[in-house]
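Listed here are the chains, written in short residue letters.
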Amino acid sequence: MMEYNTTRNKLRISEYGRNIQKLVNQAKTIEDRDERTKFVKLIVQIMGQINPTIRDSGDFRHKLWDHLHIIANFELDVDSPYPAPSKDILEKKPERLGYGGHNIRYKMYGANIVKIIDKAREFEEGAEKDALIHAIANHLKKSYLSWNRESVDDDQIFEHLETLSKGNLKLADELKLNTTNEILSRNKKKKTTPEKPAKNYMKKRKKK
């Protein structure tokens, strides 16, 4: 009688195929423990041949035996060279990861720039702090234009900088931000891909 995948039991580890699953199920029926262990050792050797990529891992034999117990649904009583893995640990669901607690006012700037702004607030007044504020403001404008490719008024960037720094950072009057056209042209140059070597080769052949 022909078997269909829809009527078969689900494979515990699909990489080893259905024949290994059948051999493991057959091993469960062997009453003599020594004979059962010998039969299982042969299965492990076959598993290593079927899945050779596992040999790249550290202790691949240990992993093969772990996979054997998983395929057997932890119901195989044999003399294993390694302790059987715990079913509870393998079936335990991972803890749910929480979302980052960043409460960012302007999300287009990201969380890292907020940390830099907080650090800049600790600087003493002077040329070094002015240069840092200038760099931060230019970065805000660049990030804003990446999010909105049209244009942005510098006064809006100054307002955002003041809000993010809680009113502690202001750009010196003599310092100006990069122009919108300058920023957009730089972004365009970065996105431009170099000509493929194959095209260069064809051009050289035509010249000959």
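You'll find the structure just up there.
## As for helix α1 (residues 17-28)
The end-to-end C-alpha separation of α1 is 18 Å, in line with the 16 Å expected for twelve residues at 1.5 Å each. Of the positions making up α1, those classed as buried are I20, Q21, V24 and A27. One side of α1 holds all its buried residues, which, seen down the axis, span an arc of 120°. Where α1 is buried, its residues meet α2 (33-50) and α3 (60-71).

## Considerations on unusual backbone geometry
For N73, which is not glycine, the phi torsion reads 60° and is therefore positive. Looking at where N73 falls in the secondary structure, it is placed in the loop between α3 and α4 (87-91). Taking the relative accessible area as the measure of exposure, N73 reaches 23% and is therefore partly exposed. Although it is not a glycine, K166 adopts a positive phi angle of roughly 55°. Within the fold, K166 resides in the loop between α7 (154-164) and α8 (180-191).

## Let's talk about the environment of I133
Tracing the backbone through its elements, the reader meets I133 in helix α6 (residues 127-147). Once the C-alpha coordinates of I133 and I117 are considered, the two residues, 16 residues apart in sequence, prove to be 8.2 Å apart.

Calculation criteria
- Residues numbered from 1 in each chain as written.
- Predicted model: local features only at pLDDT ≥ 70, side-chain atom pairs only at ≥ 80, totals over all residues.
- Heavy atoms only, no water.
- Helix = DSSP H or I, 4+ residues; strand = E, 2+ residues; numbered from the N terminus.
- Expected span 1.5 Å × (residues − 1).
- Buried < 20%, exposed > 50% of the residue type's maximum accessible area, 1.4 Å probe, protein only.
- Arc of directions from axis to C-beta.
- Contact = heavy atoms within 4.5 Å.

By themselves, these are just geometric observations and shouldn't be taken as functional.
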